[in-house]
Amino acid sequence: MEIVPVAELKIGMFIVEPDCPWTEFNFALQGFVISTPEQIDTFASKCRFVQIDRSRSILDQYAASQRVNPAHQLRAATLAAEAPPLARRGPPGRPLQATAPAEQRRRLLNFLQRQQDDHEAIALGREIVHIEPRYEALQHALQQTFQRAKAEQGCDLGQLREGVGDLAGSLRRNPDALMWLLRLKTVDDYSFDHAMEVAVHALLLGNHLGWRGTPLLELGVAALLQDVGKTQIPAAILNKREALSAEEVLQIRAHVAASLELLLRQADFPTDILQAIARHHERWDGSGYPRGLRFEEIGLNAEILGLADSFCAMLSDRPYRLATGHQQALEILFGLRGKKFNPVLMEQFAQCVGLYPVGTLVELSNGEVGVVLLQNRVQRARPRVLILLDADKTVLRSYRLRDLRAVECDHLRIQKALPRGAYDLSQHDYFLA
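Residues numbered from 1 in each chain as written. Predicted model: local features only at pLDDT ≥ 70, side-chain atom pairs only at ≥ 80, totals over all residues. Heavy atoms only, no water.

Peer 1: What am I meant to see in the overall build of the chain here?
Peer 2: On a plain count of helices and strands, the chain comes out with 15 helices and nine strands. The 433 residues of the chain split such that 57% are buried. Taking all contacts inside the chain whose residues are at least 6 apart in sequence as the whole, residues at least 24 apart take part in 68%. Counting every atom, the chain has about 18600 Å² of accessible surface; 50% of that belongs to carbon and sulfur. (Helix = DSSP H or I, 4+ residues; strand = E, 2+ residues; numbered from the N terminus. Buried < 20%, exposed > 50% of the residue type's maximum accessible area, 1.4 Å probe, protein only. Contact = heavy atoms within 4.5 Å. Areas by Shrake-Rupley, 256 points an atom, 1.4 Å probe, with all protein chains shown as cover.)

Following this line, the structure appears as structure tokens:
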């Protein structure tokens, strides 16, 4: 950490804390990377000094023992979406279960309901109970759709639309509930889990941009179906664990055309959905595929899908690399704004997902490791964290909840976000203390 006067602020610096309350500002995030001169001017008008973190900064403001090339990381993320899945790894000697047992979900809900003086915790529990069966119904409909696509049959667009509508409504009421379900309701199949995760993040961004009604529903459906053409790719390629050859990469990339061919067999399939699927691998600078479109030629719905797809791919283990942490993935993509991604859209995406959404594993400045349980809406960089490991990384036998906004936790900060599975902790272990 480093304290600098506001006169020395530069674009690319990660702001940890100003010397005045965050409530003095109207930023959507509390703790973020400076991206515009206007943000620097705002800090200069409100305070004299800020605390920055060079290890979380980007561009020429980044400082660490080994610098990461964002372009190389994006290439890895692009291939991550095209390569076969890697089996998830559990702690040594204990296989990871395919889905989070009902007992773990029950523990989460019971814990939230016991927070009698915490209205946000109670509201989160109620929304999880409400949306969970609808989420499961959409998962089932999506699995059926992929199975029918593999058999070259049609899909029930009505079921998918209804499910997407349920997700969109839940995100407006309480976005944290769906973020928890993404972590607790995996089916341990990359195709389905990735599709659900991309859909939720695309809807989250669309909702943040003010989209409602048909445009938002079609965005969500497109996110679910953008990779349906992979059902037509030979299993030998999809299941290959070694690096793909150039020819195999071309076969994988052909999934875009395969998706369109499958969906065009259905009468009156919405044009906007088809267009978004056709263009979700295009990139802002023209380096994408299949047509090398640039800038506004791509279309905003396809740009949203491409951004959500790349981000979610980074968060999962792939055959040749482990998962990237939420914060690092966000910063890598943020560093590529104006190159691979629309800079304005990337800024909005960073604001709506935040650095530490619920369910994110984090390590605190005192060495403790925990999971973000609830957001503090006023100071999103200081959420409520359920501690799982002590400072020496020993598993705790009872719950320890730290509200980083509380006076007694004023000395604590989130040191970094961790990838899923760090310290042999999986999403299924979160509430087994």
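So, next bit.
Peer 1: I tried to follow the sheet that holds strand E3 (residues 32–33) on my own but got confused; where do I start?
Peer 2: Neighbouring strands of a sheet are bound in pairs by backbone hydrogen bonds; such pairs are parallel or else antiparallel. What the four strands build is an open sheet, ordered E1-E4-E2-E3; its pairing is antiparallel. The sheet terminates laterally at strand E1 (2–5) and E3, the two strands that pair on one side only. As defined by bridge partners, E1 adjoins strand E4 (residues 49–52) across four bridges and the pair is classed as antiparallel. By the bridge assignment, proline 5 is partnered in E4 with phenylalanine 49. (Pairing = 2+ DSSP bridges.)

Peer 1: When you look at the pattern of salt bridges in this model, what are you seeing that I'm missing?
Peer 2: Any two side chains of opposite charge can pair, on the condition that their charged atoms come close. Enumeration according to the criterion identifies 11 salt bridges in this entry. Arginine 382 is the salt-bridge partner of glutamate 17, the closest N and O atoms lying 4.0 Å from each other. Taken as a pair, glutamate 17 in strand E2 (residues 14–18) and arginine 382 in the loop between strand E6 (369–374) and strand E7 (384–389) lie far apart in primary sequence, 365 residues in all. With respect to class, glutamate 17 is no different from arginine 382; both count as buried. Among the salt bridges present, the one from lysine 340 reaches aspartate 285, with a minimum N-O distance of 3.8 Å. Here lysine 340, found in the loop between helix H14 (326–334) and helix H15 (343–353), pairs with aspartate 285, found in the loop between helix H12 (271–279) and helix H13 (300–314); they are 55 residues apart in sequence, far enough to count as distant. When its relative accessible area of 22% is taken as the criterion, lysine 340 is described as partly exposed. (Salt bridge = Lys/Arg side-chain N within 4 Å of Asp/Glu carboxyl O.)

Peer 1: Help me out: how do you make sense of helix H10 (residues 246–253) in this one?
Peer 2: In an α-helix there are 3.6 residues to a turn, and that puts residues three or four apart on one side. What H10 keeps buried is the set Glu248, Val249 and Ile252. Mapping the buried residues of H10 onto a view down its axis gives an arc of 105°, with all of them on the same face. In H10, the exposed residues that point more than 90 degrees away from the buried face are Ala246, Glu247 and Leu250. (Arc of directions from axis to C-beta.)

Peer 1: Is there a simple way to explain the pairing of E2 in this structure?
Peer 2: Within a regular beta strand, the side chains point alternately toward one face of the sheet and then the other, so they alternate between its two faces. The element E2 is extensively covered by neighbouring structure, given that five of its five residues are classed as buried. Bridge analysis of E2 against E3 gives two bridges, and the strand direction is antiparallel. By the bridge assignment, phenylalanine 14 is partnered in E3 with valine 33.

Peer 1: What is the right way to look at unusual backbone geometry in this model?
Peer 2: As a rule of thumb, non-glycine residues mostly have phi less than zero, and peptide bonds are mostly trans rather than cis. Of note, the bond from tyrosine 289 into proline 290 is cis; its omega dihedral lies within 30 degrees of zero at 10°. Relative to the assigned elements, proline 290 resides in the loop between H12 and H13. Not every positive phi belongs to a glycine, and phenylalanine 295 is a case in point at roughly 50°. On the basis of relative accessible area, phenylalanine 295 is assigned to the partly exposed category, the value being 31%.

Peer 1: Could you clarify how one ought to interpret the packing of helix H8 (residues 213–225) against H13 in this entry?
Peer 2: Packed helix pairs are specified by the crossing angle of their axes together with the interaxial distance, meaning the distance between the axes. Two numbers describe how H8 lies on H13: the axes approach to 10 Å, and their chain directions differ by 45°. Comparing the axis directions of H8 and H13 gives the class oblique. Between H8 and H13 lies a crossing of right-handed hand. For the pair H8 and H13, contact is made by Leu219, Ala222 and Ala223 and by Asn301, Ile304 and Leu305, respectively. (Axes fitted to C-alpha atoms, helices over the stretch in contact; angles between N-to-C directions. Parallel < 35°, antiparallel > 145°, perpendicular 65-115°, else oblique. Left-handed = near helix turned anticlockwise from the far one by under 90°.)

Peer 1: Explanation requested: the packing of aromatic side chains in the structure shown.
Peer 2: Aromatic rings in a pair are described by how distant their centres are and how their planes are angled relative to each other. Across all of its chains, the model carries five aromatic pairs by this definition. Here the aromatic rings of phenylalanine 25 and phenylalanine 43 are separated by 5.0 Å at their centres, their planes lie at 50°, and the arrangement is tilted. With phenylalanine 25 in the loop between E2 and E3 and phenylalanine 43 in helix H1 (residues 37–46), this residue pair connects regions lying 18 residues apart in the sequence. As far as burial versus exposure is concerned, phenylalanine 25 and phenylalanine 43 are alike and both buried. Ring pairs connect the aromatic residues Phe25, Phe32 and Phe43, which therefore count as one cluster. (Phe/Tyr/Trp six-rings, centres within 6.5 Å; stacked < 30°, edge-to-face > 60°.)

Peer 1: Sorry, what's going on with the packing of helix H4 (residues 119–150) against helix H5 (residues 157–173) here?
Peer 2: With their axes 9 Å apart at the nearest point, H4 and H5 run at an angle of 150° to one another. With respect to their mutual orientation, H4 and H5 come out roughly antiparallel. The hand of the H4/H5 crossing is left-handed. Mapping the contact onto sequence places Glu127, His130, Ile131, Arg134, Tyr135, Leu138, Ala141, Leu142, Gln144 and Thr145 in H4 and Gln159, Leu160, Gly163, Val164, Asp166, Leu167, Ser170 and Arg173 in H5. Looking at side-chain class alone, the contact of H4 with H5 contains eight nonpolar, six polar and four charged residues. (Nonpolar A, V, L, I, M, F, W, Y, C, P; charged D, E, K, R; others polar.)

Peer 1: I tried to follow the nonpolar core on my own but got confused; where do I start?
Peer 2: Proteins that are soluble and globular tend to have nonpolar side chains buried together. Counting 103 residues, the largest nonpolar core has Ile128, Trp180 and Phe349 as the members making the most contacts within it. Per-element tally for this core: the top contributor is helix H7 (residues 190–208), with 10 residues. Ranked by size, the runner-up nonpolar core spans 16 residues in total, among them Val6, Ile15, Phe32 and Val50. (Core = buried A, V, L, I, M, F, W, Y, C linked by side-chain atoms within 4.5 Å.)

Peer 1: Would you mind going over the side chain of arginine 283 with me for this structure?
Peer 2: With respect to the element layout, arginine 283 can be found in the loop between H12 and H13. Aspartate 309 provides the closest opposite charge to the buried, salt-bridge-free arginine 283, at an N-O distance of 5.2 Å. Here histidine 280 takes part through its backbone oxygen, which lies 3.2 Å from a polar atom of the side chain of arginine 283. Setting aside its immediate chain neighbours within four residues, arginine 283 contacts Gly288, Leu293, Arg294, Ile298, Gly306, Ser310, Lys340 and Phe341. (Lys, Arg positive; Asp, Glu negative; His and termini not counted. Polar contact = N/O pair within 3.5 Å; in protein donor to acceptor, adjacent residues only side chain to side chain.)

Note that every value here comes from positions in space, so none of it alone points to a role or purpose.
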